[in-house]
Amino acid sequence: RSDRPADRPATNNHYNNYSYTKVIEKLEGEKKQINTDAQRKLADSYKITGNFAAADSVYSIIMQASDKTPQDIYAYVQILKMNAKYDEAQKQMDAYSALNAADSRTKLFNQNKTYTIDLLKDKGQFEVKNLDVNSSEQDFGVTYFKNEIVYTSSKHDINAAYRRWNGNNLPFLDLYSGKLEENGEITNSKKMSSLNKKYHEGPASYNKAGSVIIYTQDNYQSKSSDGIRKLELMESTFKDGKWSEKIPFALNNKEYSVGHPCLSADGNTLYFASDMPGGIGAVDIYKVIRNADGTWGKAENLGDKINTEGNEMFPFIHESGLFSFSSDGRPGLGGLDVFVSQLKNNQFAKVINIGAPVNG
């Protein structure tokens, strides 16, 4: 196979700068001629931009390559599930399992290879409603603030000027707040102008009293050694009728991301997601305890009861101890599924995929 030397640096730069549409424009016409690494970037770009069928077609080519890796197979499994090709996904997962018997994802899969049959059944536990506040863009990351809802969105005023993020060609994410109505709708939605800046802000989390906020933002001060702005956490406290100057989280680091915060009800435990070195998978969930002097202690990986070799993120802890999170490393229906576990006496019970209609 060939990969034109002049194209490689440009393609890599586009990919590393989240310019996935440019990667597609450059490579889609020659997907059978480019080398396997370029095909990976093309397939991943299709996946990230939401064209799962096109990603499927490229991964099917990668599966024929002599230099394909086990991770290529697992990525193909994910795409097959996102296209609801569950039988083929099971076959490919068998191939992955044969190469990675010690992987926790293999062990979980082998416990019940036909798990999708059960997960696709609607057991009547949930009723999913599309809220009127949702836009045609991205709306997610809900948290409670007293009698309001705070959420993250890339929506924008039609006539307003806005910056676009390379990754999806949508406006940068901002934090919004709105009133929670009895019927579950969110009204009077507005931007939280005191927190939003020119890049990504959100998701956020508050303690139950609404006196502390911790939220995710892009690192505005510096980029990593490979030129990427990582995610970081900022904290602010409400005192004397106003929010304090935001304070950078002690574990922020320009070389890796720290984000997706969730404060416990009392505000003394923080759960978050990070790709910091030393984890179990690509992105793991950690917790940190607040010290008596208000500072934060040492980060603790939640371990293999929660984390896998894949991605675990978006943690949420209810004051009852019910812990939920998203994962693509556990048996699911495709991409990130929502899972729950009960935390009792500092121990997590069995992790459960809550299935359809929440997951799909």
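In this report, we go over the structure that sits alongside the text. (Residues numbered from 1 in each chain as written. Predicted model: local features only at pLDDT ≥ 70, side-chain atom pairs only at ≥ 80, totals over all residues. Heavy atoms only, no water.)

## Some details on a nonpolar patch on the surface
Here is the rule we go by: Candidates for patches are residues over 30% relative accessible area with no salt bridge; among them, like charges are joined within 9 Å and nonpolar side chains (Val, Leu, Ile, Met, Phe, Trp, Tyr) within 5 Å. Per-residue and other accessible areas were derived by the Shrake-Rupley procedure at a 1.4 Å probe size, with only the shown protein chains allowed to occlude residues. Between Lys or Arg on one side and Asp or Glu on the other, a salt bridge is scored when a side-chain nitrogen of the former is within 4 Å of a carboxyl oxygen of the latter. Secondary structure follows DSSP: runs of H or I at least 4 residues long count as helices, runs of E at least 2 residues long count as strands, and numbering of each begins at the N terminus. Categorising residues by exposure relies on relative accessible area from a 1.4 Å probe, with only protein chains included: less than 20% of the type maximum marks a residue as buried, more than 50% marks it as exposed, and the intermediate range marks it as partly exposed.
Where nonpolar side chains cluster on the molecular surface, the patch consists of Phe 126, Val 128 and Val 358 and spans about 240 Å² of accessible area. Inspection of the secondary structure puts Val 358 in the segment after strand 18 (352–353). Note on Val 358: relative accessible area 36%, which makes it partly exposed.

## Let's talk about the sheet that holds strand 3 (residues 174–180)
Convention followed: Two strands pair if DSSP finds at least two bridges between them. Working convention: axes come from line fits to C-alpha atoms, limited for helices to the stretch in contact. Angles between N-to-C directions cover 0 to 180 degrees.
Read from one edge to the other, the open sheet built from four strands follows the order 1-2-3-4, with strand pairing classed as antiparallel. Among the strands making up the open sheet, the edge pair consists of strand 1 (139–145) and strand 4 (186–191). In this sheet, neighbouring strand axes are inclined to one another by 30° on average, regardless of whether the strands run parallel or antiparallel.

## Observations regarding unusual backbone geometry
Each neighbour pair has its own omega, and for Gly 202 with Pro 203 the value is 5°, a cis peptide bond. Relative to the helices and strands, Pro 203 is located in strand 5 (residues 201–206). That bond from Ala 356 to Pro 357 is cis: its omega, 5°, falls within 30 degrees of zero. Examined against the element boundaries, Pro 357 turns out to sit in the segment after strand 18. For His 260, which is not glycine, the phi dihedral falls at a positive 50°. With respect to the secondary-structure elements, His 260 resides in strand 10 (residues 258–263).

## Looking at empty space enclosed by the protein
Counted only if it meets this: Using only the protein atoms, space was sampled on a 1 Å grid; points where a 1.4 Å probe fits but cannot get out form cavities, open sets with protein on both sides within 12 Å along at least five of seven lines form pockets, and lining residues are those with an atom within 4 Å of a point. Grid points are joined across faces, edges and corners, and a volume is the space filled by probe spheres set on the points. Each residue gets one label: Ala, Val, Leu, Ile, Met, Phe, Trp, Tyr, Cys and Pro are nonpolar, Asp, Glu, Lys and Arg are charged, and the others, such as Gly, are polar.
Going through the model one piece at a time under the given rule, you end up with one cavity of 30 Å³ or more. Taken as a whole, the largest cavity encloses approximately 150 Å³ of empty space. Together, 15 residues line the largest cavity, and Val 77, Lys 81, Met 93, Phe 109 and Tyr 115 are the ones closest to its centre. Elements with a minimum of two residues in the lining of the largest cavity: helix 5 (70–82), helix 6 (86–99), helix 7 (104–111) and helix 8 (115–119). Ranked by the residues each element gives to the lining of the largest cavity, the list is headed by helix 6, at four residues. Class assignment of the residues belonging to the lining of the largest cavity gives a composition of eight nonpolar, three polar and four charged.

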